[in-house]
Every structure is written in structure tokens, then in C-alpha cells.
Amino acid sequence: MKRQPSTRIVIADDHPLFRGALRQAVSTALEGADVSEVGSLEALTEALDTGGDADLVLLDLTMPGVQGFSGLLFLRADHPEVPVIVVSANDEPSVIRRCIEFGALGFLPKTADVEQMGEAIRAVLEGTVWTPPGIDLNAPVDAETATMVRNLSTLTPQQVRVLMMLSEGLLNKQIAYELGVSEATVKAHVSAILTKLDVDSRTQAVIAAAKIAGTAWATTGASATL
């Protein structure tokens, strides 16, 4: 009889102790699960690109390489087929709703106990959206915010990276060096970002992203020319 492959879970969090708690929750909820741990967005990307298909990612919103919701945006653009549960110490209802709007299937506060973590993991693996009790995912959102959420969700993985670097105040030549591409390619990405976000300048793009996807995207260094 052919053996069924084990469920592969990737835990992305830069705190080893909390990764341990999540591993315990996964082991309790899913006997025999294949669990990988990473501590940065770069390591997560490598794990997903080289480690085979993942059935679920548990994603911390604040770890190296992540600004605001940028890690979630990048992950959903780069691996849309992989379900994501966001794990965060910030459990404000607006943050939880924004995570779901950006494509997460679940949200776990870091105050959750192992039993609740297991409940969330099982629910999302079954295709159900899971959030803490009492969260109204249908709360009204103003039209401008809803439009920008949709627009940000259309960015490609590379465009998300470029927007993150714009928010850090990097020039085109610096972004090109970091990404290993030409300045012309960076300019094309910036132009596409401005078009998709329906803004006229790099500064407006960063401000819009900061408003919707977290204040960590904002910077005073985004005013360089295309």
C-alpha cells in the first residue's frame, strides 16, 4: 500500500521560543507532520522554492525582511497556492481583517494557547477561514481603502520587493544592485507599480502602501525620480 505523504508545514517566525510553541501545536494537531522552521522572509522564500510543496505557512508579520503586511503580500504573490495563517502579537480587529483581505486564510494571536493554535491549523488545512472569536470580517471598509487593497494585491513578487525598497529610500541603481537586475528593469517595475496603484509618484506609492499595508512602509527617502 502506497504511503500517503505527510503534511508539510513551514513556520516563519524570528523568535525560536515561539517557533517551538507553534511546532508543538502542529505536532499535537497533525501527527507525523513534516515541520520546517525559518526566521526571515529570505529563508522562507528559499524553503518554499527548494523544499517541495508546502501545505501551510504560519507567518509572523514582524521578522527580518518584512515591513507591515509586505511579507504576506509577497508570499501571496509568489506562492498563491500555499495557504497562510498569519501569527502576530498585534490582534487588533483591523489588523486581522486586513490580513484576510490580503489573502491569509487564518489569523492567530500570539497569546493563543496550543489547543487554539491546533484548531486554527486544522480549520485552514480543511479550507476554512479561521480567526479569533468575535471578529467581524464583514465590517464596512471605505471605498478608497478597498480599492487600494485590491490594487496592492495585484503586485507581482518582484514589484512587492521594489516597493519595499522604495520605502527604504533606495535609489534605482541601489535596487538594481540588490535584485541583480538592470536599472531599466527597475524603472519598468516602478512604472508598473505606479500604474497598478493609480498614483503619480514613488512618494505617493509609498504613502499609499503605508496607509494600507502598515506604517513601516513609510519613509522620507522615497522622493527620488523614476
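About the cut-offs
Residues numbered from 1 in each chain as written. Predicted model: local features only at pLDDT ≥ 70, side-chain atom pairs only at ≥ 80, totals over all residues. Heavy atoms only, no water. Helix = DSSP H or I, 4+ residues; strand = E, 2+ residues; numbered from the N terminus. Rg over C-alpha atoms; globule rule 2.2 N^0.38 Å. Buried < 20%, exposed > 50% of the residue type's maximum accessible area, 1.4 Å probe, protein only. Contact = heavy atoms within 4.5 Å. Lys, Arg positive; Asp, Glu negative; His and termini not counted. Charge placed at Lys NZ, Arg CZ, Asp CG, Glu CD. Axes fitted to C-alpha atoms, helices over the stretch in contact; angles between N-to-C directions. Parallel < 35°, antiparallel > 145°, perpendicular 65-115°, else oblique. Core = buried A, V, L, I, M, F, W, Y, C linked by side-chain atoms within 4.5 Å. Domains from an automatic or database assignment.

The chain has the name LuxR family transcriptional regulator in an unreviewed UniProt entry, where Bosea vaviloviae is given as its organism.

Draft legend 1. Expanded view of the overall build of the chain. The helix and strand tally for the chain stands at 10 helices and five strands. A compact globule built from 226 residues should have a C-alpha radius of gyration of about 17 Å, and the chain, at 18 Å, falls within 12% of that. Expressed along its principal axes, the backbone C-alpha trace of the chain runs to roughly 60 × 40 × 30 Å. The proportion of buried residues among the 226 residues of the chain is 47%. Looking at the chain alone, contacts between residues at least 24 apart form 67% of all its contacts between residues at least 6 apart. The chain carries 17 positive and 28 negative side-chain charges, and their two centres are separated by 4 Å.

Draft legend 2. Representation of the packing of helix α8 (residues 172–179) against helix α9 (residues 183–197) within the structure. Orientation of α8 relative to α9, taken along the N-to-C sense of each, is 105°, at an axis distance of 8 Å. Between α8 and α9, the angle is such that the two are roughly perpendicular. Mapping the contact onto sequence places Asn-172, Lys-173, Ile-175 and Ala-176 in α8 and Glu-183, Val-186, Lys-187 and Val-190 in α9.

Draft legend 3. Spatial organisation of the nonpolar core. Counting residues in each nonpolar core, the largest one holds 54 residues, and the members touching the most others are Leu-44, Leu-59, Cys-99, Leu-152 and Leu-163. Sorting elements by how many residues they give to this core places helix α7 (residues 157–167) first, with six residues. Domain assignment of the residues forming this core places at least three in each of domain 1 (8–125) and domain 2 (143–225). With 21 residues, the next largest nonpolar core counts Val-26, Val-87, Met-117 and Ile-121 among its residues.

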